[in-house]
Amino acid sequence: MNNTFEQLSTNEVAQLQKNFLDWYFMHARNLPWRENTDPYRIWISEIMLQQTRVDTVIDYFHRFMQTFPTIKDLAHADDEKLLKVWEGLGYYSRARNLKVAANQIMDEYDGKFPQTPTEISKLKGIGPYTTGAISSIAFHLPEPAIDGNVMRVVSRLFLIKEDIAKASSRKVFDQAVRKIIPERYPGEFNQAFMDLGSSICTPTSPKCNECPLSPFCLSMQEGLQEQFPVKSKKAKPKDQYFVAFALENLQGAYLLEKRSEGRLLKDMLHFPIVEIQQEDYQKLLKNFSENRVDLFPSLMQPTLFDAESLVAESQMAYDIVPLSQIIQPLYAKGKLPFYQTKISWYPAHLGEITHIFTHLKWHILLFQGKLLESVEKDDFYTREQMKELPLPKMQHKLLNKMHKLNKDF
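Residues numbered from 1 in each chain as written. Predicted model: local features only at pLDDT ≥ 70, side-chain atom pairs only at ≥ 80, totals over all residues. Heavy atoms only, no water.

> Give a detailed account of the overall build of the chain, specifying residues and quantitative values.
Secondary structure assignment for the chain yields 17 helices and 10 strands. A total of 409 residues make up the chain; the buried ones form 51% of that total. Of the contacts made within the chain by residues no fewer than 6 positions apart, 69% connect residues no fewer than 24 positions apart. Counting only carbon and sulfur atoms, one obtains 47% of the accessible surface of the chain, whose full area is about 20,600 Å². (Helix = DSSP H or I, 4+ residues; strand = E, 2+ residues; numbered from the N terminus. Buried < 20%, exposed > 50% of the residue type's maximum accessible area, 1.4 Å probe, protein only. Contact = heavy atoms within 4.5 Å. Areas by Shrake-Rupley, 256 points an atom, 1.4 Å probe, with all protein chains shown as cover.)

Pasting the structure below:
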């Protein structure tokens, strides 16, 4: 373990702190959650900023605070309204955890935000970084807030070679920041790291001549800035393959289902989707392009399929894989909604979308069909109604795909 930071003298630490804070007070970004040190505002902003760019978060933060101005409002939030306000930020478990934590605060702390790192860290969805950020900014405690920006700056500053992709490396960065974080203005010091990492000590081409920490930066002195931080490559997201079904009822509304399997998109509404094998997916995708619809309008004429009889498509001459290849097995397994109901299917898919999660990449082909008889089910929504629902980004991509090919949708 490289502990060069331990070699800093008291005077050097004091000068580093002064340089850094002077720079911050002159160059600090004007961000809405920095208007005061209300722990609730800081908490909401830090959760939103996870995996999300600052410029994206600003509008979301304003809307969230207008809708849920207090911890009590958040604790009593309607789930659908909460997810709608969060819509587009992704990682929806963050929003759900906020509500759980708000109820913890109401029940265990009489509605007042806890003020010690130990208590803060016990709130749902709050890890070491967020604990440090809230503790230092809201309660002026000298607690490190270690994120990617901080690890990049500190690794360059002290030539720390620990792999920042490994959770075990956090300990040495915590020790390094505790060595230099001041008792006075610890929140500003942590925020200075955030601003420096986003504007000057960037992943590539750092602006060392503008950096207030350059007199202390060992990597700059040795010309090794771009060799730090040390970070092993992330594993490539695993590919998964799906077909999605836009099923329209007699009233012109579309079926949405609530996902209950796994953690991804849990309890979110979207078109019914079914996972299939990559080989089957590639067969469906083969030799199809969206302009084929314009070249051969008959491809978009509906063909009737039902559980008892599957009509072979005449469009096979155009190299379109027969829709029955995907529909029939789903009928047989009972995986397709209304598999005992007559549905008029367009014989070609509407195209492909992809959606990337942290460790997964979803490939989705969209099919469209119309129910030919009434069904007793409440989970149908018009396009106007969908605008009021909290929908995941994946569903918006599917809706945009439909709109592109169906101008009247």
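> Please give an account of the confidence of the model for the chain that cites residues and values.
Summarising the model, the chain shows a mean pLDDT of 86, and 84% of its residues fall at 70 or more. Within the model, the stretch residues 287–322 combines pLDDT values under 50 with 72 contacts to residues more than four positions away or in other chains. (pLDDT = per-residue confidence, 0-100.)

> Give a detailed account of the pattern of salt bridges, specifying residues and quantitative values.
Oppositely charged side chains can pair when the atoms bearing their charge come close. This model, assessed by the stated rule, comprises 12 salt bridges. Among the ionic pairs, Arg 41 bridges to Glu 35, the shortest N-O distance being 3.5 Å. Glu 35 sits in the exposed class, given a relative accessible area of 58%. Residue Glu 87 pairs with Lys 84 through a salt bridge whose shortest N-O separation is 2.8 Å. By relative accessible area, Glu 87 is classed as buried at 14%. (Salt bridge = Lys/Arg side-chain N within 4 Å of Asp/Glu carboxyl O.)

> Break down helix α1 (residues 10–27) for me, citing the residues and quoting the values.
For α1, with 18 residues, the first-to-last C-alpha span of 26 Å sits near the 26 Å given by 1.5 Å per residue. Within the sequence span of α1, burial applies to Val 13, Leu 16, Gln 17, Phe 20, Leu 21, Trp 23 and Tyr 24. Summarising the axial view, the buried residues of α1 lie within an arc of 160°, below the 170-degree limit, and thus occupy one face. Those residues of α1 that are exposed and aimed more than 90 degrees away from the buried face are Asn 11 and Met 26. Its buried side turned inward, α1 meets α9 (148–158), α10 (170–180) and α11 (186–199). (Expected span 1.5 Å × (residues − 1). Arc of directions from axis to C-beta.)

> Help me get a handle on the packing of aromatic side chains, residues and values and all.
The final tally for this structure, using the stated rule, is 17 aromatic pairs. By the ring-pair criterion, three or more aromatic residues cluster together here, those being Phe 20, Trp 23, Phe 189 and Phe 193. Between the NZ or CZ atom of Arg 63 and the centre of the ring of Tyr 60, over which it lies, the distance is 4.7 Å. (Phe/Tyr/Trp six-rings, centres within 6.5 Å; stacked < 30°, edge-to-face > 60°. Lys NZ or Arg CZ within 6 Å of the ring centre and 35° of its normal.)

> Requested: an account of the pairing of strand β8 (residues 351–356), with residues and values cited.
Put simply, side chains in a regular strand alternate between the two faces of the sheet. Burial along β8 is one-sided: Gly 351, Ile 353 and His 355 are buried, while Glu 352, Thr 354 and Ile 356, pointing the other way, are not. In this structure, β8 lies alongside strand β9 (residues 360–371), joined through six bridges in antiparallel fashion. Across the sheet, Ile 356 pairs through a bridge with Lys 361, a residue of β9. (Pairing = 2+ DSSP bridges.)

> Outline the packing of α1 against α11, supporting the account with residue identities and numerical values.
Taken N-terminus to C-terminus, the directions of α1 and α11 make an angle of 70°; their axes are 9 Å apart at the nearest point. Taken together, the axis directions place α1 and α11 in an arrangement best described as roughly perpendicular. Here α1 contributes Leu 16, Gln 17, Phe 20, Leu 21, Trp 23, Tyr 24, Phe 25 and His 27 to the contact with α11, which in turn contributes Glu 188, Phe 189, Gln 191, Ala 192, Phe 193, Asp 195, Leu 196 and Ser 199. Residues belonging to the contact of α1 with α11 are distributed by class as follows: 10 nonpolar, four polar and two charged. (Axes fitted to C-alpha atoms, helices over the stretch in contact; angles between N-to-C directions. Parallel < 35°, antiparallel > 145°, perpendicular 65-115°, else oblique. Nonpolar A, V, L, I, M, F, W, Y, C, P; charged D, E, K, R; others polar.)

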